[in-house]
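Next come the chains, spelled out residue by residue.
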Amino acid sequence: MPHSPAPHTPATPAPGSSDPGRHAPDPSATDPSAAAPACAAAPALAPFAAAALEAAHLDEPLVPTGRSLRWGVVSTASIAEKVVPDIAALPDARVVAVSSRVQARAEDFARRHGIERAYGDTAAATGLERLAGDPDVEVVYVATPHGHHHRDVSVLLRAGKHVVCEKALAITAAEVRDLIRLARAHGVLLMEAVWTRTTPGFRAALRRVRDGDLGRVRAVDGTIGMSRPVDPDHRLFCRADGGGVLLDMLVYPLTWTAALLGAPRSWTARAELGPTAVDVDTALALEFGGARGHVSGTLSAAVPHQVVVSGTEGWLRVDGRINCPTALVVQPAEGLRRGAPPVVERVAVAGAGYVYEMREATRCVQAGLTESPVLPWADSLATAEFFDRVRERIGLVYPHDDALPDGR
């Protein structure tokens, strides 16, 4: 049975915030008179969204931005099969090593992707530890399930490697804080791979909003999901792997609300926990003061993947790949006034769409940055804190909740 929706006012920033240290409640969250009036001026894009629009290197991701970097890959999972060719497509990147728990799997992956070295577990060390000890590897892409991220990324950061880790960066906010601490202490890049933020279709939508095509944004609605039989051994249904809708899917529609509306002033949640005790259907209603959002994800129904941005003077819709749009359906203010049909804006995408986030990571390492302005640590932490609160509200518990990193 779904949990009844219950209101909640965040005491810390939600996705899109850029200040992890600010914990004072927003007075407008509890005082309706303090909320922004409906006629207020259009809010600025979130800092990460503005940074994404200013990132000219994302316009031509296959143009080198500096010296060549040597990459390692942790895991031979299906997402690594998609991402590694996009890393290799960068002229200033070379994938030189891959690790897996099983040596044969690492060797097979290396052979198919033209990678020089393959590391599997041995009696003396894990494949991950062997890759972390490779002095030739500078940057590592981590593609293991969510539940392994804190452990795996910690090993790499302590070895002085720059890290790009699949979302979710970790299961809990405590784990994310620990990873940020390690990255800061070792002076290396740590970047959560929320690829949507760097994709050309997402940036084209941001540009439309920034340029006033829709007027002031009043609502963002997003849905994502699939109907999938419950499989206790699959990562999506495994508590130890951080399975469920919240950590795996909702980051995508929430990326849109965060970019265009910022952090919610209040929210409600409704979820259904499945037979393996992970959420198989979750919906969030978000209030922003003069604007609203609604996002949902599911593993139990066939739903359209869609984002709709509604403004005072026009609207924009993305159908299908909301995480990497290839087309925008736009009804701008001028078209509404003339009674013209919506405009379809096609967007070309290089490779499988991951080249953009890997260009950003490469540029950051080349420039000596430890965090990306498009994917800053503060946003990763704010998202994790928000998800912790949502999980508490819907009753979603992971084994990671019972222990602090490194016994801290």
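Conventions we followed
- Residues numbered from 1 in each chain as written.
- Predicted model: local features only at pLDDT ≥ 70, side-chain atom pairs only at ≥ 80, totals over all residues.
- Heavy atoms only, no water.
- Helix = DSSP H or I, 4+ residues; strand = E, 2+ residues; numbered from the N terminus.
- Buried < 20%, exposed > 50% of the residue type's maximum accessible area, 1.4 Å probe, protein only.
- Polar contact = N/O pair within 3.5 Å; in protein donor to acceptor, adjacent residues only side chain to side chain.
- Contact = heavy atoms within 4.5 Å.
- 1 Å grid on protein atoms, 1.4 Å probe; cavity = no way out; pocket = protein on both sides within 12 Å on 5 of 7 lines; lining within 4 Å.
- Points joined across faces, edges and corners; volume = space filled by probe spheres on them.
- Nonpolar A, V, L, I, M, F, W, Y, C, P; charged D, E, K, R; others polar.
- Core = buried A, V, L, I, M, F, W, Y, C linked by side-chain atoms within 4.5 Å.

Draft legend 1. Quick peek at the side chain of His146. Residue position: His146 is located in the loop between β5 (139–142) and α5 (149–158). For His146, a relative accessible area of 5% corresponds to the buried category. A distance of 3.3 Å separates a polar atom in the side chain of His146 from the backbone oxygen of Lys167. The residues contacting His146, other than those within four sequence positions of it, are Lys167, Ala168, Ile171, Arg235, Asp241, Gly242, Leu247 and Asp248.

Draft legend 2. Fine view of empty space enclosed by the protein. Across all of its chains, the model carries three cavities of 30 Å³ or more by this definition. Taken as a whole, the largest cavity encloses approximately 120 Å³ of empty space. Taken together, 14 residues make up the lining of the largest cavity; nearest its centre are Val194, Arg197, Val251, Thr255 and Thr383. Elements supplying a minimum of two residues to the lining of the largest cavity: α9 (251–261) and α12 (377–394). Looking at the lining of the largest cavity residue by residue, the class counts come to eight nonpolar, three polar and three charged. The space that makes up the second largest cavity amounts to roughly 100 Å³. As for the second largest cavity, its lining consists of 14 residues, and the residues nearest its centre are Ala168, Ala170, Glu192, Thr383 and Phe387. When residues of the lining of the second largest cavity are assigned to their parent elements, the largest contribution, four residues, is made by α12. Here the lining of the second largest cavity is composed, by residue class, of nine nonpolar, three polar and two charged.

Draft legend 3. Summary view of the nonpolar core. With 95 residues, the main nonpolar core has Trp71, Tyr141, Trp256, Leu260, Leu284 and Val309 as its most contacted residues. Val140, Val142, Ala170 and Ala384 belong to the second-largest nonpolar core, a separate cluster that totals 28 residues.

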